[in-house]
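Remarks on the overall topology
Below, each chain spelled out in residue letters.
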Amino acid sequence: MTHDSKSDNGSGASSDQYTQDIRADRQAIRKALRADVGGAHVGLLVTVIALVVIASVAGPRWTLIVSGCFTAWFALALAVIRLRGGRGGDALQRAYVATFGWGDYVSP
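What counts, and where the lines are drawn
Residues numbered from 1 in each chain as written. Predicted model: local features only at pLDDT ≥ 70, side-chain atom pairs only at ≥ 80, totals over all residues. Heavy atoms only, no water. Helix = DSSP H or I, 4+ residues; strand = E, 2+ residues; numbered from the N terminus. Expected span 1.5 Å × (residues − 1). Buried < 20%, exposed > 50% of the residue type's maximum accessible area, 1.4 Å probe, protein only. Arc of directions from axis to C-beta. Phe/Tyr/Trp six-rings, centres within 6.5 Å; stacked < 30°, edge-to-face > 60°. Salt bridge = Lys/Arg side-chain N within 4 Å of Asp/Glu carboxyl O. pLDDT = per-residue confidence, 0-100. Contact = heavy atoms within 4.5 Å. Polar contact = N/O pair within 3.5 Å; in protein donor to acceptor, adjacent residues only side chain to side chain.

Turning next to helix α3 (residues 37–58). Taking 1.5 Å per residue as the helical rise, α3 with its 22 residues ought to reach 32 Å, and the 30 Å between its terminal C-alpha atoms agrees with that figure. Taken residue by residue, α3 has Gly39, Ala40, Gly43, Thr47 and Leu51 as its buried positions. Down the axis of α3, the sector holding all buried residues measures 115°, keeping them to one side. Away from the buried face of α3 by more than 90 degrees, exposed residues Leu45, Val52 and Ser56 are located.

Structural data, given as structure tokens:
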């Protein structure tokens, strides 16, 4: 009497189910965290308003520091996207969304 442990405990079926569950979970997380260009426009608008407020309160020094941080973040995002194979306008759009896409969570 030999027992096939694979068919006995159904590990093949559970592995497939596990893979499907992981795929569904990742898709749900991607959908929940997805940002779009409209949200990026809102993020850019909020950033510009914040820079105007900073310029009026703290002067040009802090305005340049904050805008430099956003510029550096955009350049870093663009570099990573280009290294991973992004090209042209699509790479610019993805870097724009990566930099200002948080505006999607500010707007209703």
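Let's shift gears to the packing of aromatic side chains. Going through the model one piece at a time under the given rule, you end up with two aromatic pairs. Ring centres 5.7 Å apart and planes at 10° place the aromatic pair Phe70 and Phe100 in the stacked group. Note that Phe70 is positioned in helix α4 (residues 60–83) and Phe100 in helix α5 (residues 88–100), a separation of 30 residues in sequence. Among the aromatic side chains, those forming a connected cluster through ring pairs are Phe70, Tyr96 and Phe100.

Here the focus is the pattern of salt bridges. Considering all chains together, one arrives at one salt bridge under this definition. Notably, a salt bridge pairs Arg94 with Asp90, separated by 3.9 Å at the nearest N-O pair. Taken together, the residues Arg94 and Asp90, both in helix α5 and four residues apart, mark about one turn of the helix.

Here we come to the environment of Trp62. Secondary-structure assignment places Trp62 in helix α4. Between the alpha carbons of Trp62 and Leu51 there is a distance of 8.8 Å; along the sequence they are eleven residues apart.

With that out of the way, let us pick up the confidence of the model for the chain. Here the chain averages 84 in pLDDT, while 82% of its residues score no lower than 70. Mean pLDDT across the elements of the chain ranges from a minimum in helix α1 (residues 5–9), with 49, to a maximum in α4, with 94. Residue range residues 3–7 is modelled with pLDDT below 50. Its contacts to residues more than four positions away, or to other chains, number one contact.

Our next topic: the side chain of Thr47. By the secondary structure assignment, Thr47 is in helix α3. Among the residues examined, Thr47 registers a relative accessible area of 6% and is labelled buried. At a separation of 2.7 Å, a polar atom in the side chain of Thr47 contacts the main-chain carbonyl oxygen of Gly43. In this structure, Thr47 is in contact with Phe70, Phe100 and Trp102, ignoring residues within four places of it in sequence.

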